[in-house]
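# Summary of structural features
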Amino acid sequence: MPSAQYLDMPCSFKHRDTTCVTLPIYVMQFLIFITFAESNILHRWLSAPCQNYYRRKVVDEDRVRLPMITTREDFHVLGRGNAITPPHWAQEVIVSHTYQFVYVPVRKVLSSTMRNLLRSAFNVSWTACGKSNCTFLTPYEDRCTTLCLSREVIQNYFFFTFVRHPVSRFPSSMKQSALMAGLNINYSDPDAHEITANLTRDTLRRMRHFLPFDHHLETQVFSISSPTSLGAFLEYRIPLDFIGRLETLNKDVGKLQMMLEAHCGKPLPVNLTKFVARNRTNEGGIKTKTYRQHMDADTIKMIRSLYQHDMVCFDYS
């Protein structure tokens, strides 16, 4: 019987306490197979309809030289970073060198829950990632961004994120954008309905005419096609190894745990599914419901149009 071929799993470049293993190639092939068999989101993300939605590009298969994806934000007259407020070009990340993963938050998609999870169970946050001079393209100087990631991390670490249907995400994003704007809205007051309706209409108008809007409303494609510092002109984006969906959260979180443990060859210090189930932030409050009440057929049609790129890339209908 021929001996099995093996695949060396990448080890940490900075931490000696990371214990990585050598797994048979057929084991990794099985893990990849069941990932794609149950979910085609990553495949959809890498497909031509998603990658070339606005502009046709030649896809480079080199993991550290993946070309940037043109998003709706790129059509702002001053570029993608100025399409949103506060202006920023690079997305925050949370890095674990011990477990060799990079979490890429998407605003209003489980991000608060995931930050709490990673801080409490893995002792990592977006305020530490090894460099102090890589936050110049973000308004938050204390947050680690994709520009902070080294070539070794991009090449060898496991990158993951979560996405959500744009229509269900929109009310939550509107609620947060009002908070960011300093609007003191009493959502129990009958006048709140008229205020939020006007705010929703004005926000959709600004987005339709490529005027700056709050970053909680940015497209999810924009969030996860964040640039690295490896190119001279921010022409390369981060890789992604797993994309979960909020609509299939329990299944996807369990799948993520399996893949993270396989990647570095040791168990995680927490059961991700149980933690998320116990600690997931509730978004069903009166504030979100107030915005949701104004989502008539015309509003939903506009939201779907503005976020059509998200719909294509993450297989939403």
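Placed above this text is the structure.
Figured I'd write up the structure that's included with this text. (Residues numbered from 1 in each chain as written. Predicted model: local features only at pLDDT ≥ 70, side-chain atom pairs only at ≥ 80, totals over all residues. Heavy atoms only, no water.)

### Considering the pattern of salt bridges
Evaluated as defined, the whole model comprises 7 salt bridges. Between Arg63 and Asp241 there is a salt bridge, with its nearest N and O atoms 2.8 Å apart. Note that Arg63 is positioned in the loop between α3 (48-51) and β3 (66-67) and Asp241 in the loop between β9 (236-237) and β10 (242-245), a separation of 178 residues in sequence. Here the two residues Arg63 and Asp241 agree in accessibility, since each one is buried. For Glu92, the salt bridge is made with Arg107, and the minimal N-O distance between the two is 2.9 Å. In this pair, Glu92 is assigned in the loop between β4 (84-85) and β5 (94-96) and Arg107 in the loop between β6 (101-103) and α4 (111-122), connecting sequence segments 15 residues apart. Accessibility expressed as a relative area gives 8% for Arg107, which makes it buried. Within the structure, one salt-bridge network assembled from shared partners comprises Glu92, Arg107, Arg143 and Glu218. (Salt bridge = Lys/Arg side-chain N within 4 Å of Asp/Glu carboxyl O. Helix = DSSP H or I, 4+ residues; strand = E, 2+ residues; numbered from the N terminus. Buried < 20%, exposed > 50% of the residue type's maximum accessible area, 1.4 Å probe, protein only.)

### A few points about the packing of aromatic side chains
Under the definition given, this model contains 10 aromatic pairs. For the ring pair Tyr53 and Tyr54, a centre distance of 4.8 Å and an interplane angle of 90° mean the geometry is edge-to-face. A relative accessible area of 31% places Tyr53 in the partly exposed class. Classification of Tyr54 by relative accessible area gives partly exposed; the value is 31%. Ring pairing ties together the aromatic residues Tyr99, Phe101, Tyr103, Phe122 and Phe160, which thus form one cluster. Sitting above the plane of the Tyr99 ring, Lys266 keeps its charged end 4.9 Å from the centroid. (Phe/Tyr/Trp six-rings, centres within 6.5 Å; stacked < 30°, edge-to-face > 60°. Lys NZ or Arg CZ within 6 Å of the ring centre and 35° of its normal.)

### Description of the packing of helix α6 (residues 166-180) against helix α12 (residues 297-306)
Running from N to C, α6 and α12 point in directions that differ by 105°, and their axes come no closer than 9 Å. The orientation of α6 with respect to α12, classified from their angle, is roughly perpendicular. Residues Pro166, Val167 and Phe170 of α6 form the contact with α12, whose own contacting residues are Ile300, Ile303 and Arg304. (Axes fitted to C-alpha atoms, helices over the stretch in contact; angles between N-to-C directions. Parallel < 35°, antiparallel > 145°, perpendicular 65-115°, else oblique. Contact = heavy atoms within 4.5 Å.)

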